[in-house]
Amino acid sequence: MNGNGTHNVVRLVDVTKVFRMGQEEVHALRGVTLEIKAGEYMSIMGPSGSGKSTLFNMIGALDKPTSGRVFIDEVDVAQLDAYELAWLRCRKIGYIFQTFNLIQVMTAIENVTLPMIFAGMGRDEYMDKGMELLKLVGLAERFQHKPAELSGGQQQRVAVARALANDPAIILADEPTGNLDLTTGEEIISLLKELSQQRGVTIISATHDIKMINVSDRVVWIRDGRIDRIEDREKLQVSVGQVF
Amino acid sequence: MAKTIDRQIVLPWRQVIRISFNALRARLFRSMITTSTLVLAVAFLSYTFAVYAVLEGLWPAADVALQDKILATGFTPTDGHFGTTAKDRWLVVLSLLVCTVGIINAQLMAVTERFREIGTLKCLGALDSFVIKLFVLEAAYQGFLGGAAGSVLGVGTAVLTLWARFGFPVISHVPAVSLGVLFVKSSALAVGLSLIGVMYPAWVAARMQPAIALRSEP
Ligand SMILES: Nc1ncnc2c1ncn2[C@@H]1O[C@H](COP(=O)(O)OP(=O)(O)OP(=O)(O)O)[C@@H](O)[C@H]1O
Ligand SMILES: [Mg+2]
């Protein structure tokens, strides 16, 4: 999308999230401040329950923070009304989930074209683009198959194609390889890497997957709802050697 | 610098109708289960009214022997006409009340099963109003199909049982027009009940934060 690669596509300022369950309070995020530059490939790593998915939901405007601010393209998400939020989710961000979350009653092509229909595109245009995207992920022949008739890896590739439908500036992925075997996971990772290199898409991915580190520009380690440390690509080579 | 955030368009009805129709078709069996209480209640209602409508058609054409036979079965015309008794109407109202509670419950379950799908739709750019329209349209189709099936069942049973009792004249004097009107009215009532049933579940679903909707088990 926008080329210079220096402005912040995402900026979080002291974001906290508290879940209240009866008497108990769960502090899922305890003040996260983070800047993500356009075109970056960023991985969010951390143990189970550390708050990765909660952070994913904050960045993706899928849930409201308890306190703090989230800026997407320097626009404060809290200031947006329902129509602007829907536009943001439709056009600016593409979501990929661990459980794929394809619409079960729709075929591959219907799943991929749905965001374009929501965006108001005409039928010829969205069908062309939908087929093009399925081709990109190598599933053009399976366009009329429903999710139940596809393997996990194939479903995730349909989900990647769907995430790309409206040329989003950001692709947000929550453990995209979590339900896939090693090889299929690697395929998805290299697909994401290609997208970030060729299209300049910002990729933000929560993950447990060590293979993700190799392709990331930066890795954010979170622990117990806080940023533990942030590592750049250069330093990564060293620490990866040490840790693993 | 960066582009500002625009406003999402409201999806044209044509698209909403297409999407909801396909969604219903893909889940036809599940919807039939959701609609079953409605089918039964409408069948009971239309059976009750159809019996009297058929007798109304039959009576003027019946000879004395057949009229005696009808009276002997326990049907009594008031002022020469057959119609529902207070007890009949009370039973019909009661069955409709039970049906309304049943359909709200069934719709609540059917919508809850789809929370994850709703969350996904919202991530793809669906407005709350789209979610409401989707469920309302699906409920309208369900109501129409359930109502049509129920009234065919009810009217059919009424005609067949009376035929078995009073013989061929029941068929040759079947009051097509009033049975047609009954069919239309019961189908419309079924659509109405189905819409009442889906209102609360659809409202709950539409207002959910996507993150919460996505967390629910499929
Ligand atoms: N909707 C919710 N209601 C209550 N508690 C929640 C909710 N969402 C998350 N939590 C809690 O917040 C904490 C962080 O959860 P989160 O899902 O963000 O972890 P995670 O890092 O994504 O873990 P995993 O790697 O297992 O996916 C956990 O303790 C979790 O129980
Ligand atoms: Mg998670």
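Residues numbered from 1 in each chain as written. Chains lettered and ligands numbered in written order. Predicted model: local features only at pLDDT ≥ 70, side-chain atom pairs only at ≥ 80, totals over all residues. Heavy atoms only, no water.

Participant: Is there a simple way to think about the overall build of chain A in this case?
Facilitator: When its secondary structure is counted, chain A shows 8 helices and 10 strands. What you see for chain A is a C-alpha radius of gyration of 18 Å, in line with the 18 Å of a compact globule of 244 residues. The dimensions of chain A, computed from C-alpha atoms along their principal axes, are 45 × 45 × 45 Å. Carbon together with sulfur atoms contributes 48% to the accessible area of chain A, which is approximately 10400 Å² in total. Within chain A, one finds 27 positive and 32 negative side-chain charges whose respective centroids are separated by 2 Å. (Helix = DSSP H or I, 4+ residues; strand = E, 2+ residues; numbered from the N terminus. Rg over C-alpha atoms; globule rule 2.2 N^0.38 Å. Areas by Shrake-Rupley, 256 points an atom, 1.4 Å probe, with all protein chains shown as cover. Lys, Arg positive; Asp, Glu negative; His and termini not counted. Charge placed at Lys NZ, Arg CZ, Asp CG, Glu CD.)

Participant: I would appreciate a short explanation of the overall build of chain B in the present structure.
Facilitator: Secondary structure assignment for chain B yields 9 helices and 0 strands. What you see in chain B, going N to C, is helices and strands ordered as α-α-α-α-α-α-α-α-α. The principal-axis extent of the C-alpha atoms belonging to chain B is close to 95 × 30 × 30 Å. Counting across all 218 residues of chain B, residues that qualify as buried make up 49%. Considering only residue pairs separated by 6 or more positions, chain B has 86% of its internal contacts joining residues 24 or more positions apart. Summing over all exposed atoms, chain B offers an accessible surface of approximately 11000 Å²; the carbon and sulfur share of this is 71%. Taking the average location of the 18 positive side-chain charges in chain B and that of its 11 negative ones, the two points are 12 Å from each other. (Buried < 20%, exposed > 50% of the residue type's maximum accessible area, 1.4 Å probe, protein only. Contact = heavy atoms within 4.5 Å.)

Participant: How should the interface of chain A and chain B be read in this particular structure?
Facilitator: How big an interface is tends to be expressed through the accessible area that disappears when the partners come together. With 37 residues of chain A at the interface, the matching set in chain B holds 34 residues. Inspection of the region where chain A meets chain B yields 1 salt bridge. In this structure, D81 of chain A and R7 of chain B form a salt bridge, with 2.5 Å as the shortest nitrogen-oxygen distance. Applying the counting rule to chain A against chain B returns 5 residue pairs in polar contact (both at pLDDT 80 or more). Every element with two or more residues in the side of chain A that touches chain B is listed here: α2 (82–92) and α3 (108–118) of chain A. Per-element tally for the side of chain A that touches chain B: the top contributor is α2 of chain A, with 9 residues. (Salt bridge = Lys/Arg side-chain N within 4 Å of Asp/Glu carboxyl O. Polar contact = N/O pair within 3.5 Å; in protein donor to acceptor, adjacent residues only side chain to side chain.)

Participant: Teacher, can you tell me more about a negative patch on the surface here?
Facilitator: Residues and elements named next belong to chain A. Together, D124, E125, D128 and E132 give the surface a local cluster of negative charge. Looking at the secondary structure, you find D124 in helix α4 (residues 123–136). Residue classification places D124 among the exposed residues on the basis of a relative accessible area of 62%. (Patch = residues over 30% accessible without salt bridge, like charges linked within 9 Å, V, L, I, M, F, W, Y side chains within 5 Å.)

Participant: Would you mind going over helix α5 (residues 115–123) of chain B with me for this structure?
Facilitator: Quick reminder: α-helices carry 3.6 residues per turn. Residues three or four places apart thus point the same way. Burial runs high along α5 of chain B: 9 of the 9 residues are buried. Within two residues after α5 of chain B, G125 of chain B carries a phi angle of roughly 115 degrees, on the positive side.

Participant: Help me understand the sheet that holds strand β5 (residues 75–76) of chain A, please; the structure alone is not making it clear to me.
Facilitator: Each strand in a sheet pairs with another by means of backbone hydrogen bonds, the pair being arranged parallel or else antiparallel. All names here are of chain A. Spatially, 4 strands are ordered β2-β1-β4-β5 in an open sheet, and the strand pairing comes out antiparallel. Two strands close off the open sheet at either side, each with one partner strand: β2 (24–37) and β5. Here 5 bridges tie strand β1 (residues 8–21) to strand β4 (residues 67–72), and the two strands are oriented antiparallel to one another. Opposite L12, over in β4, you have V70 as the bridge partner. On top of the sheet, helix α1 (residues 52–59) reaches β1, β2 and β4; it is set at about 125 degrees to β1, its chief contact. (Pairing = 2+ DSSP bridges. Axes fitted to C-alpha atoms, helices over the stretch in contact; angles between N-to-C directions.)

Participant: What's the story with a nonpolar patch on the surface in this structure? I'm lost.
Facilitator: Residue and element names in this part refer to chain B. Together, L28, F29, M32, I33, F144 and L145 make up an exposed nonpolar region whose accessible area comes to about 630 Å². With 4 residues, the top contributor of residues to the nonpolar patch is helix α2 (residues 28–58). The topology assignment puts L145 in helix α6 (residues 128–166).

Participant: Can you walk me through the site of ligand 1 in this structure?
Facilitator: Of all residues adjacent to ligand 1, which total 15 residues, the nearest are S48, G49, K52, S53 and T54 of chain A. Among the chains of the assembly, those with residues near ligand 1 are chains A and B. At a separation of 2.8 Å, an oxygen atom of ligand 1 approaches a polar backbone atom of G49 of chain A. Here ligand 1, which alone exposes 630 Å², has 74% of that area covered by the protein. Of all elements in the fold, only β1, β2 and α1 of chain A reach the threshold of two or more residues within the shell around ligand 1. Element by element, the count of residues in the shell around ligand 1 is highest for α1 of chain A, at 3 residues. (Near = heavy atom within 4 Å.)

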